[in-house]
Amino acid sequence: MAVSVAAADAPVPVDGDPAGVAAPANLWHQSGMAIEPRAPRLAVLIDADNASSRIASGLFEEIAKIGEASVRRIYGDFSGTRLKAWADVMSTFAIMPHQNFAYTTGKNASDIALVIDAMDLLHSGRFDGFCLVSSDSDFTRLAARIREQGVDVYGFGEQKTPEAFRQACRRFVYTENLLPALPAADVPARPGAARTAPAGKQRPSEAAPLIKTAIAQLEDDDGWVALGRVGQRLAILAPDFDPRTYGHARLGDLVERAGAFDVRRNDAGGVYIRAKPVARRAPAAAGGTATAAPATAPAVDKPSPSAAKPAGRTPVVGKAPVIGKIS
């Protein structure tokens with residue numbers, strides 16, 4: 001029986017992608033008598049000098065949301081003790097080390113080796129995406145070159161990573177969001193105390209301006225936009241946007257906690273959001289009550305001619321003052 005492949009042109013959603021970005025459309029393989037979507041093949045290249053081994057578990061969990069890590073390589077000088085932490089986790093995650101001796105102080109041979117391997121893998125045509133794990137801006141041009149070839153690049157680095165490298169990637173994930181969560185201190189909150197962001201996280205309100213920008217580009221006449229569309233637009237506006245940066249695992253939770261948006265759910269489970277309308281304020285009066293400013297200045301009573309004259313001596317313009325007689 002012939003198997004139809006017409007569905008191969010449809011986008012394949014990737015489970016767990018917080019931005020809702022679809023995987024490449026041509027990733028299908030035949031299994032028995034059915035055609036099933038195939039996970040994108042990814043090449044994971046790690047710069048050991050600019051990445052911590054503590055992110056290893058979270059890193060590959062995050063990559064699994066995007067596709068299959070077919071190639072896992074790490075670059076560095078493992079002859080010393082400085083990268084011993086990475087050596088201890090390589091076998092756990094099947095990472096292949098690529099030894100690069102530091103022949104000269106101040107020169108990083110590992111970066112050159114990573115770039116050479118990346119270009120070889122790119123031109124092999126076997127991969128649907130690259131995961132560059134580094135906070136080094138030197139890989140900005142590499143990321144841009146790979147994307148010029150029509151292949152996606154996913155960056156992973158610390159929040160100190162220069163913006164040029166972050167913007168060169170289709171999506172950039174902060175490695176601080178991949179670290180194991182620290183246990184929260186068991187301290188009761190004081191009544192009336194202001195909410196603070198978790199340690200190392202930004203406040204949810206700081207994400208509001210970017211979310212408002214995404215809504216403004218998508219909103220209809222009534223201002224309501226589907227949450228999924230907002231997530232897709234955020235991934236385009238800011239490749240490094242991640243709700244976890246603001247202490248929330250999901251975009252919907254972040255929107256509700258930001259305090260700047262109205263949220264509506266329909267019977268089918270769809271979530272729609274819009275920016276809260278800005279209340280117009282009148283200028284406050286001296287007593288603290290908001291009042292409208294007067295259209296014209298209040299009239300001022302002019303003093304009568306008699307009240308304007310001072311008592312006693314009155315100088316006359318053009319003449320010497322007259323001094324009364326002393327009795």
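Each chain carries its own residue numbering, running from 1 in the written order of its sequence. Side-chain atom pairs in this predicted model are given and counted only at pLDDT of 80 or more, local residue features only at pLDDT of at least 70, and totals for whole chains, interfaces and linings cover all residues. Note that the side-chain values use all heavy atoms of the structure and ignore hydrogens as well as water.

J.: Explain the nonpolar core here, please?
T.: The nonpolar side chains of a soluble globular protein tend to be buried with one another. In this description, a nonpolar core means a group of buried Ala, Val, Leu, Ile, Met, Phe, Trp, Tyr and Cys residues linked to one another through side-chain atoms lying within 4.5 Å. Exposure categories follow from relative accessible area, calculated using a 1.4 Å probe and restricted to protein chains: below 20% of the type maximum is buried, above 50% is exposed, and the middle band is partly exposed. In this structure, I46, L59, F60, I63, W86 and F156 are the most contacted members of the largest nonpolar core, which totals 26 residues. The secondary structure listing takes helices from DSSP runs of H or I that are at least 4 residues long and strands from runs of E that are at least 2 residues long, numbered from the N terminus. Here the element with the most residues in this core is helix α1 (residues 56-66); it accounts for 5 residues. Working rule for contacts: check all heavy atoms of both residues, and any pair within 4.5 Å makes them a contact. Not counting residues up to four positions away in its chain, the partners in contact with F60 are V44, I46, A69, R72, F93 and I95. If you look at the next biggest cluster of nonpolar residues, it comprises 23 residues, including L45, Y75, L121 and F130.

J.: Would you mind showing me how to read the pairing of strand β5 (residues 41-47) here?
T.: Remark: a regular strand shows side chains that alternate across the two faces of the sheet. When you tally the buried positions in β5, you get 6 out of 7 residues, the bulk of the element. Pairing of β5 with strand β6 (residues 68-76) involves 7 bridges; the strand directions are parallel. When the bridges of β6 are listed, A43 appears paired with V71. Where the polypeptide runs from β5 across α1 and back to β6, its parallel neighbour, the crossover connection is right-handed. At least two DSSP bridges between two strands are needed for those strands to be called paired. Bridge count between β5 and strand β8 (residues 129-133): 5 bridges; the pairing is parallel. Bridging from a neighbouring strand, I46 pairs with V133 of β8. With its strands directed away from the observer, a crossover is right-handed exactly when the path from the first strand over the helix to the second travels clockwise.

J.: Whenever I open this one, the environment of I74 confuses me. Can you help?
T.: Of note, I74 is situated in strand β6. With a relative accessible area of 0%, I74 lands in the buried category. Counting along the chain gives 21 residues from I74 to I95, while the straight-line C-alpha distance between them is 6.6 Å. The contact partners of I74, leaving out residues within four places of it in the chain, are I46, A48, W86, M90, I95, M96, P97 and H98.

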